[in-house]
Amino acid sequence: MTDSITIDIIQRSSDLPALECHDFFHSSELFAIVEKTSGMQPYMAIARRGDRIVAHLLATLRRRGALIPPYLFTQGRVYGEGEYAAEENKEELFEMMLEVITRKLKKKLCLYIEFSDLSQKMFGYRLFRKHGYFPVHWMEIHNSLHSKTPEERLTTKMSERIASMEQNGLRFSEVEDYDQFQAFYKMLHRFFSLKVRRYLPPARMFYELNKSNHARLFVTTHGGTVVGGCACLYNKDDAHLWYVASKRKSHPKLHPTTATVWGAIKHAHEIGCRHIYFMDVGLPFKKNPFRDFILRFGGKEVSTYRWFSFTIGWLNRFVGWFYRE
């Protein structure tokens, strides 16, 4: 019965109850990492039936800057749909948490809220619509790692490139010390600073993630110089390539992006992950160079939705109309 369910929003680790967490994107650990990061604020929606916690969902409010108005704004961000007790009605609880978290974030005057990486394309379709969200078609790519080796899935051209690339002295490894971490983050910052849509979290978040068992930072080096890098998250039995960047313009013949992505795939396979997901391939335009590049590693395209809701009514209606199906 829904009348016995209560939803609370927790904003501080000291108030967070003990949670049974299997999904890193909705875990107490990630909550604490976000809490330590300047410009970010975690909100954990917790559903209780009496004294028992039956579901929880983590949302993050993050401060952003832009080169066009409004220049400075905040965005609400949620990865996935949360965690639920096995015997509970998932969609019913999700709607209750969605309503409460949306109301909370709108009170904080964030410009828009974004949900992505849902377990199924049509999950919550009616519920998102009901609460003022609109869908945007998105493209995702994932590589299976459990039935064939990564080498068996490469295109012929990519296989030849990797074979020649490995003779050029590139080294792929985990970030080894603080100096290398600084070089890693500096490269990411330069790479993403002019990207209109991409958000790069502060360095503190990457530093804290690297201390977690659920995340790793990698660099590709050439002669001791960092020429590529990526951040990978490990959730359940899967790897998620979150951010990847390189100095491809200054080192084009070395193919540092290829070396970095290939290193992340190989590492995920070696530690027993079943899949590696590329978390932001982007809008499904007919011509998408990054998507085409990632597909050369033998991945599979999956059409999905991301859900958005702008807190300004007329803007939400206009953007929703622009992306109408």
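Above this text you will find the structure in question.
Each residue is numbered by its place in its chain's sequence as written, counting from 1. Reporting in this predicted model follows two pLDDT cut-offs: at least 70 for local features of residues, and 80 or more for side-chain atom pairs to be given and counted; totals over whole chains, interfaces and linings ignore these cut-offs and use all residues. Excluded from the side-chain calculations are hydrogens and water; all other atoms, namely the structure's heavy atoms, are used.

A. Highlighting the overall build of the protein. Each helix is a run of DSSP H or I of at least 4 residues and each strand a run of E of at least 2, with the numbering of both proceeding from the N terminus. Across its full length, the protein holds nine helices and 13 strands. Here the radius of gyration uses the C-alpha set of atoms, whereas the globule reference equals 2.2 Å times the residue count to the power 0.38. By the compact-globule yardstick of 20 Å for 325 residues, the protein fits well, its C-alpha radius of gyration being 20 Å. The cut-offs for exposure are 20% and 50% of the maximum accessible area for each residue type, with area from a 1.4 Å probe on protein chains only; residues under the lower value are buried, those over the upper are exposed, and the others partly exposed. Of all 325 residues assigned to the protein, the portion counted as buried reaches 51%. Two residues form a contact once any of their heavy atoms are found within 4.5 Å. Taking contacts inside the protein between residues at least 6 apart in sequence as the whole, the part at least 24 apart equals 71%. Here the Shrake-Rupley method, with its probe set to 1.4 Å, supplies the accessible areas, and only the displayed protein chains count as covering residues. Approximately 16200 Å² of the protein is accessible, and the part contributed by carbon and sulfur atoms is 52%. Placing the 47 positive and 35 negative side-chain charges of the protein at their respective mean positions leaves the two points 9 Å apart. Counting rule for charge: Lys and Arg are taken as positive, Asp and Glu as negative, and neither His nor the chain ends is counted. The location of each charge is read from NZ of Lys, CZ of Arg, CG of Asp or CD of Glu.

B. Structural context of helix α2 (residues 90-107). Take the number of residues in a helix, subtract one, and multiply by 1.5 Å to get its expected span. Compared with the 26 Å implied by 1.5 Å per residue over 18 residues, the 26 Å span of α2 between its first and last C-alpha is a close match. Those residues of α2 lying buried are Leu93, Phe94, Glu95, Met96, Met97, Leu98, Val100, Ile101, Thr102 and Leu105. Polar contact is the term for a pair of N or O atoms within 3.5 Å; when the atoms are in protein, one must be able to donate a hydrogen and the other to accept it, and sequence-neighboring residues count only if both atoms are side-chain atoms. Where α2 starts, the residue carrying a side-chain oxygen 3.3 Å from the main-chain nitrogen of Glu91 turns out to be Asn89. With its phi angle positive at about 60 degrees, Leu109 sits one or two positions after the end of α2.

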